[in-house]
Amino acid sequence: MINLSQYQQLFDIDNTTERCKKVNDTMDQFWKSELDQLAGELLGQDYRIATYGQTLVTTYHDSLNPKYAEQKKDTNIGKRYFAQIVRKIGNKEIILLTLEFNGVEQQMYVYTELSFYQVNALIKSGQLSTELSELDSDVRVFARTSSFTKNEIERSLLEQELSAMVKPRIRPWIYFGLAIPMEGNYEVADIIKMLNYVWEQTTALRNYALEDRQQNAKAAHIMELIASAGKPYSVSLFGHSYQIYYGALETDKSNVREQGFTLKREGQTIVQGTFYYGEYNERKGLNKPVLAVDVGGSNHIYANVSVLLGDDRKEWWIQKSFKMMNHDNEALKHRALDLLRQHGIPVRNENEYLTGTYINSEQRFEEDLTEIKGRFACAALLFAHVNGRGKFKFLETEDQSTVESEGNSIDDDNSNEIIEYISNFDFTVINETIQNSSLTFDKDLILDLHLNLTALDEKHFVILSGISGTGKTQLAKLYANAVYGLSYGADNPYLSLIPVRPDWSDGTALFGYYSSFEHQYIMTEFLKVLMHAHEEREKPHFIVLDEMNLARVEYYLSDYLSGVESHKEIPLHNRNDLEEIPGKISIPPNVYLIGTINVDETTHSISDKVLDRAFVMTLSDVDLETFWSRVEDGVRLELQNEFTFLKKLNSMLTPYHLHFGYRTMNEMIQKMSRHLTLEVEYQLARKVMLDRVISEKVLPKLRGDDRITELLVELKENFTEHLGEESTSLGHIIRMEKELARYGATQFWR
C-alpha cells in the first residue's frame, strides 16, 4: 500500500538537504525496481530505467556545500521524483513512459511525452486529431511550463495553443497521460495498472516518437559523415585558386552542431562561414533534420536531410530560391544557378542543384565526402556572391554581369517569406541560446546582465568593466543575438558595434551635426540606430560602445544621459531643408546601450554622473577549465601540460590583478598548436615555445611596486623549474627584481 499523502510530506520538508536525502532514499530503489520489472514485461530488452534520484544525489551534495546551501534553501529542488523507461536510439535516448510524483503541484503523473516539434509535425500532417480521438476521455494533455510545473490543455485547443507558441519561440514538451492528486492510499498494483493503461493508450503516439527518433538518427548519421570530412578543399572560383579550411565541430550541447569554415587565397582569409547540423531549426520552427550553410552570418543553404532516407540510392537535389525585397528574384536565381554550372555543380529544372548521392543500404555516399562538403561550401559562397549580403563579393575575371542585391531577405531552399526577426526577453530562452554557444560565460553573469538591461522600463544602460580579454564585447554581442534567437556569429541588424575614438569631445560624436562646409548633415551610426528604433518600436535595438572610456564619457554621452533621464528631445539642427533628419530626437525605450571599458593608463576615469545612471558589471573572473573543455580534443591532448602551467601562472597573477583573460590564453594556445603542425626540422623545443608565448603575451603587462615582491620570487622559482635557467621569461623576472630593489617600482618595459 502506497500513501501518497506521506510522499507529499517528504516533498514538504523545509531543509533542502534533508528533503533530497529522504526523497532519494525512500523512492529511488523501490520505483526503479518496479519500473524495471514492468519494462521487462512490456519490452523484454533494449531499455534503461532512469530516475530523478541520480540528480538528487548531486543536489544533496551541493546543498551540503556552504557556498550553495543558502541559495538552494528556498528552491523547489527535491520536491519532485520520477522514474522513466527510456530507450537509446543512435546517440540519444527517448523517454517511453514516466511515473512522476510532483510535490510542487501535489500531483502524481503517468504519461508519455512528445517534443513540441513532434506534435507540431503531427498537426501539419493532419494526424494529431486522429491520434487524439483514439484516446480515452480520461487521458489528459499537459504542456511543460517549468521544471516543476505543467499546464493542462484542452484537446480541442491543442493545435491552437501550439500555433500560438511558434512566434515567441516557446517549445514545451507535451505530455499525454493521467494526473492523480497526491493524497490517500493506493495499492502498488493499481499504480502499475495506470502505467499499463497509459502505455496501451499512447501506443500510436509512442510509436510515432520512436519512428521519428529512428529517422532522425539516420539523418544524424548522414550529417555526421559530412561533418567528419575535415580535409582542406582546393577549388577554382572565377579563375582564382582558393582553399577551404574546416574548423572543429563544436561540442554537441543542443540539437544543432556548428562547424566553421574559412575561404583563403594564398594564406589570406577572404570570408568565413558555418555549417549547421541539426535535427530541429529553432528559428523556422521545423522538426526536419537540416544541414544549413551560411557565409558571413547570412544563411544561403538550408537542406532537408530526410529526403535522402529510403531503401535505395538517392540523389540529393536541393532547391534554390531568392526572396529579396525590391529585386528581381528570378534573375538572381538564374544568375546563381548559372554560376553553379560554370563551376561544375550539376543543375536541373532551373531551380535545383546536385550535392551528392547517398546509398541507404550501405549508409554511405557514393562520392568522396571531401568533394560533397566542398560542393556545399562552394554553392553557399556563390550564392553569397550573387546575393551581395554580408558585403562579400568575389573578384570576377570573366566578362559576366553581376546582379547587385541588398536588403533583408531570406534565401534558403524551403521558404517563401521575408525574414522576420523576432525578439524574446524570456531568460530561459536567452540563457539556453548562450549556453549552447562555444563561449564561456557563467549563468549568474548572464542573469545579472539580463536583469541590468531589462529591470528598468525605459532606461537600459550597462557598463562592462574588467581586464582585457575576458569577453566583454563578446558577451554584449552574444546577449543581443540571443534575444533574437541567433547564434553568436550570425548577422543581427538590430545590433550595432561602435568603437569609441579618443577624440570624441561632445555629443556630435554620437548624434552627428550639420556641416556648413559640405552642406549636409553628417550622419553617425548611433543616430541611425535611434531613427530606426523609432520606426520599429516593437523591436529592441542594441548599441555596444566599445572601449567607451578612450574618450571622456561624460562629454560625448551627456546628451544621451540627459535625454534618457528627462524624456525630452535632443536637438539635432534647426534647418528646414533636411527632410530625412528630424530637428529633434528622443531616446526611445527600445534602445539598449552596453559600454565596455578597460582601466589602464590609456583610458579616462568615469564620472559619478555616468556611474549613477548605469549598472556597472566587472568581468575579471576567468574560468579557464571551462574554456579548456571547449577546446578541440586534439589540441587538449597535445598541449595539456602547457595549459596546466599557464593556468597555474594565471592563478599566481590573480591576487595582484595582473592575470590574463580568455583572449590571451586562446592566442597562446593557438600559437603553440600551430607550432606543432610545422615540419619537425623547424619545430623548437616545447619548453622554448611555452617560454616565448609567456614572454610575449603575459609578461608585457607585468608591473608594480614593492607589493609584487613575493610575486616575482614565486615567478622566478616556477620559471626556473619549468622553463629553465636560460629562459627569456626568467631573464625578465631577474631584471625586474633588481629594478624593484633599486627604484622601488618595476615594469616589463625597459
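Described below are features of the structure shown in this document. The structure presented is a predicted model; accordingly, all values stated were derived computationally and were not measured.

### Some points on the overall build of the chain
Phase 1: Helices and strands together make up the secondary structure of the chain, namely 25 helices and 32 strands.
Phase 2: In terms of C-alpha radius of gyration, the chain reaches 30 Å, essentially the compact-globule figure of 27 Å for 750 residues.
Phase 3: In terms of its C-alpha atoms, the chain occupies a principal-axis envelope of roughly 85 × 70 × 70 Å.
Phase 4: Looking at the 750 residues of the chain, the share that counts as buried comes to 50%.

### Remarks on the nonpolar core
Phase 1: Grouped together as the largest cluster of nonpolar side chains are 63 residues, with contacts concentrated most on W31, F101 and F176.
Phase 2: Counting 53 residues, the second-largest nonpolar core is a separate cluster that includes I244, Y277, L382 and F392.

### Regarding the sheet that holds strand β4 (residues 92–102)
Phase 1: Taken together, the 7 strands give an open sheet; going across it, the order is β2-β3-β4-β5-β8-β6-β7, and neighbouring strands pair in antiparallel fashion. Of all strands in the sheet, those with a lone pairing partner are β2 (48–51) and β7 (150–152), marking the two edges. Neighbour to neighbour, the strand axes of the sheet diverge by 30° on average, direction disregarded.
Phase 2: Helix α1 (residues 4–11) contacts β3 (80–89), β4, β5 (107–114) and β8 (174–181) of the sheet and is inclined by roughly 100° relative to β4.

### Side note on the sheet that holds strand β23 (residues 495–499)
Phase 1: Across the sheet, 5 strands lie side by side as β23-β26-β29-β22-β30; this open sheet has parallel pairing. In this open sheet, the two edge strands, each paired with only one partner strand, are β23 and β30 (615–618). Put simply, the sheet's adjacent strands are angled 20° from each other on average, direction ignored.
Phase 2: Examined bridge by bridge, strand β22 (residues 461–465) and β30 share 4 bridges and lie parallel to one another. Directly across from V462, in β30, lies its bridge partner F615.
Phase 3: Sheet strands touched by helix α14 (residues 472–483): β22, β23, β26 (541–546) and β29 (591–596). Its angle to β26, the strand with the most contacts, is close to 175°.

### A word on the packing of helix α21 (residues 633–653) against helix α24 (residues 709–722)
Helix packing for two helices is described by the angle between their axes and how far apart those axes are.
Phase 1: Where α21 meets α24, the axes come as close as 10 Å, and the angle between the chain directions of the two elements is 170°. On the basis of the axis angle, α21 is roughly antiparallel to α24. Residues F645, K648, L649, M652 and L653 of α21 form the contact with α24, whose own contacting residues are L711, E714, L715, N718, F719 and H722.
Phase 2: In terms of residue class, the contact of α21 with α24 is built from 7 nonpolar, 2 polar and 2 charged.

### Observations regarding the packing of aromatic side chains
Phase 1: Under the definition given, this model contains 31 aromatic pairs.
Phase 2: Note on Y484 and Y494: the rings are 5.0 Å apart at their centroids and 10° apart in plane angle, and the pair reads as stacked. Here the residue Y484 occupies a position in the loop between α14 and β23, and Y494 occupies one in the loop between α14 and β23, the gap between them amounting to 10 residues.
Phase 3: Look at Y484 and you get buried, because its relative accessible area is 2%.
Phase 4: A connected cluster of aromatic rings, assembled from ring pairs, spans Y7, F30, W31 and F101.
Phase 5: The ring of F148 is capped by R80, whose NZ or CZ atom sits 5.7 Å from the centre of that ring.
Phase 6: For the cation-ring pair, R206 lies above W199, with the distance from its terminal atom to the ring centre recorded as 3.5 Å.

### Examining unusual backbone geometry
Phase 1: The phi angle at D46 is positive, at roughly 60°, despite the residue not being glycine.
Phase 2: Within the secondary structure, D46 sits in the loop between α2 (16–43) and β2.
Phase 3: Phi is positive for Q363, close to 50°, though the residue is something other than glycine.
Phase 4: Tracing the backbone shows Q363 in the loop between β19 (352–359) and β20 (364–365).

### Observations concerning a negative patch on the surface
Phase 1: Residues D442, D444, D448 and D623 make up a contiguous surface patch of negative charge.
Phase 2: Its place among the elements puts D442 in the loop between α12 (427–435) and α13 (443–454).

How each quantity is defined
- Residues numbered from 1 in each chain as written.
- Predicted model: local features only at pLDDT ≥ 70, side-chain atom pairs only at ≥ 80, totals over all residues.
- Heavy atoms only, no water.
- Helix = DSSP H or I, 4+ residues; strand = E, 2+ residues; numbered from the N terminus.
- Rg over C-alpha atoms; globule rule 2.2 N^0.38 Å.
- Buried < 20%, exposed > 50% of the residue type's maximum accessible area, 1.4 Å probe, protein only.
- Core = buried A, V, L, I, M, F, W, Y, C linked by side-chain atoms within 4.5 Å.
- Pairing = 2+ DSSP bridges.
- Axes fitted to C-alpha atoms, helices over the stretch in contact; angles between N-to-C directions.
- Contact = heavy atoms within 4.5 Å.
- Parallel < 35°, antiparallel > 145°, perpendicular 65-115°, else oblique.
- Nonpolar A, V, L, I, M, F, W, Y, C, P; charged D, E, K, R; others polar.
- Phe/Tyr/Trp six-rings, centres within 6.5 Å; stacked < 30°, edge-to-face > 60°.
- Lys NZ or Arg CZ within 6 Å of the ring centre and 35° of its normal.
- Patch = residues over 30% accessible without salt bridge, like charges linked within 9 Å, V, L, I, M, F, W, Y side chains within 5 Å.
- Areas by Shrake-Rupley, 256 points an atom, 1.4 Å probe, with all protein chains shown as cover.
- Salt bridge = Lys/Arg side-chain N within 4 Å of Asp/Glu carboxyl O.
- Lys, Arg positive; Asp, Glu negative; His and termini not counted.
- Charge placed at Lys NZ, Arg CZ, Asp CG, Glu CD.

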